Amino acid sequence: MLVNLWATWCPPCVAEMPDLQKLSEDYADSLVVLGVNVGGDSPEDAAAFMEENGYTYPSYVDVDYSLALGMFPSPYIPFTVVIDPNGVVTAIHSGLGTYEDFQGYVDAALANAPAEAEAAPAEEAA
């Protein structure tokens with residue numbers, strides 16, 4: 001999972017969104033890109049911005065920024081966190097990121113995924 005904190009009025013946030021969209025498309029089978037709008041935008045304005053720009057990855061609006069500040073160690077945006085399939089934060093990026101930055105973080109996180117062959121069958125795990 002890649003979580004990106006953003007706002008419609010933040011030029012670096014807006015600049016990296018096409019790369020996040022491309023990443024969500026290129027890794028559709030193995031990655032969830034989640035936007036979290038923390039810039040004081042209304043849910044309607046944030047949704048309209050996403051739709052007008054053709055961004056299809058999910059985005060949540062943290063109206064008072066309390067959820068994001070409680071979970072992530074930075075009050076600055078854009079701010080991106082990558083979480084591997086085991087639930088471990090494997091990358092934190094503060095400031096404008098590029099497709100190549102995010103792709104590197106995602107590839108490293110996916111490398112931490114347990115191989116399917118290593119997963120125990122349900123009856124053995126019980």
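Use the structure listed above.
To start, this report covers the structure provided alongside it.

What counts, and at which threshold
- Residues numbered from 1 in each chain as written.
- Predicted model: local features only at pLDDT ≥ 70, side-chain atom pairs only at ≥ 80, totals over all residues.
- Heavy atoms only, no water.
- Phe/Tyr/Trp six-rings, centres within 6.5 Å; stacked < 30°, edge-to-face > 60°.
- Helix = DSSP H or I, 4+ residues; strand = E, 2+ residues; numbered from the N terminus.
- Buried < 20%, exposed > 50% of the residue type's maximum accessible area, 1.4 Å probe, protein only.
- Pairing = 2+ DSSP bridges.
- Axes fitted to C-alpha atoms, helices over the stretch in contact; angles between N-to-C directions.
- Contact = heavy atoms within 4.5 Å.

1. Considerations on the packing of aromatic side chains
- Applying the stated criterion across every chain yields a total of three aromatic pairs.
- Seen from their ring centres, Trp 6 and Phe 49 are 5.6 Å apart, and the 35° between their planes marks the pair as tilted. Taken together, the positions of Trp 6 in strand S1 (residues 2-6) and Phe 49 in helix H2 (residues 43-52) put the pair 43 residues apart, joining distant regions of the chain. By the burial criterion, Trp 6 is buried, and Phe 49 matches it.
- Ring plane angle 40° and centroid distance 6.4 Å describe the contact between Phe 49 and Tyr 55, whose orientation is recorded as tilted. Each member of the pair Phe 49 and Tyr 55 is classed as buried.
- Put simply, the rings of Trp 6, Phe 49, Tyr 55 and Tyr 57 touch in pairs and so form one group of aromatic residues.

2. Points about the sheet that holds strand S5 (residues 89-94)
- Judged by pairing direction, the sheet is mixed, and its five strands sit side by side in the order S3-S2-S1-S4-S5 without closing on themselves. Lying at the two open borders of the sheet, with one neighbouring strand each, are strand S3 (59-61) and S5. Strand after strand, the sheet turns through a mean of 15° between neighbouring axes, direction not considered.
- Both S1 and strand S4 (residues 79-83) contribute to a ladder of four bridges, which runs antiparallel. Bridging across to S4, Val 3 finds its partner in Val 81.
- Its contacts with the sheet place helix H1 (residues 11-26) against S1, strand S2 (33-37) and S4, and it is angled at close to 160° to S1.

Bear in mind that shape data such as this cannot, by itself, settle questions of function.
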